[in-house]
Amino acid sequence: MSKTSNTILALVTGAAIGAGLGLLYAPESGDKTRKKISKNAKEAKKKLEKQIQETSDHLSASAKEAKKSFDAKLEDTLKTASSKADNILVSMEKKLEELRKKNAKATTEVVEEVKDIDVPTAKA
């Protein structure tokens, strides 16, 4: 159980015990006792509502902070991934250019070898 749940449970339990003890030890008439119990119940309700509101506000603030942290980490991760993707593309472009140069050189060598071949011609 969370700290807040324990606090709320303790508050409600305390209010119920207090109301019960008030009934048992009340030297006043039933009407006065009922009014006291009603007053104590209303006070306990106000305290409980206040605790619930504080807990809600705290959870809301925590959620906002968690979202900000998540957004910042996501942005950082995306920047890192983008940078790495750019590096990979640059590397691939360099490799592609090297392959084009090798292909051009190989093509030139093959053309030169073909030029050097002496092809007999047919005589009629």
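Named according to an unreviewed UniProt entry, the protein is YtxH-like protein originating from Leeuwenhoekiella palythoae.

So, on to the side chain of threonine 55. Along the chain, threonine 55 falls in helix H2 (residues 30-116). Given a relative accessible area of 17%, threonine 55 falls into the buried group. At 2.8 Å, the side chain of threonine 55 forms a polar contact with the backbone oxygen of glutamine 51.

So, about H2. Over its 87 residues, H2 extends 125 Å from the first C-alpha to the last, a length consistent with the 129 Å expected when each residue adds 1.5 Å. For H2, the complete set of buried residues consists of Thr33, Ala44 and Thr55.

A surface patch of nonpolar side chains, amounting to about 300 Å² of accessible area, comprises Phe70, Leu74 and Leu78. Among the secondary structure elements, phenylalanine 70 is positioned in helix H2.

Structurally, isoleucine 37 is set in helix H2. Owing to a relative accessible area of 23%, isoleucine 37 belongs among the partly exposed residues under this scheme. Taking C-alpha positions, isoleucine 37 is 9.6 Å from alanine 15, a pair spaced 22 residues apart along the chain.

Definitions and limits used
Residues numbered from 1 in each chain as written. Predicted model: local features only at pLDDT ≥ 70, side-chain atom pairs only at ≥ 80, totals over all residues. Heavy atoms only, no water. Helix = DSSP H or I, 4+ residues; strand = E, 2+ residues; numbered from the N terminus. Buried < 20%, exposed > 50% of the residue type's maximum accessible area, 1.4 Å probe, protein only. Polar contact = N/O pair within 3.5 Å; in protein donor to acceptor, adjacent residues only side chain to side chain. Expected span 1.5 Å × (residues − 1). Patch = residues over 30% accessible without salt bridge, like charges linked within 9 Å, V, L, I, M, F, W, Y side chains within 5 Å. Areas by Shrake-Rupley, 256 points an atom, 1.4 Å probe, with all protein chains shown as cover. Salt bridge = Lys/Arg side-chain N within 4 Å of Asp/Glu carboxyl O.

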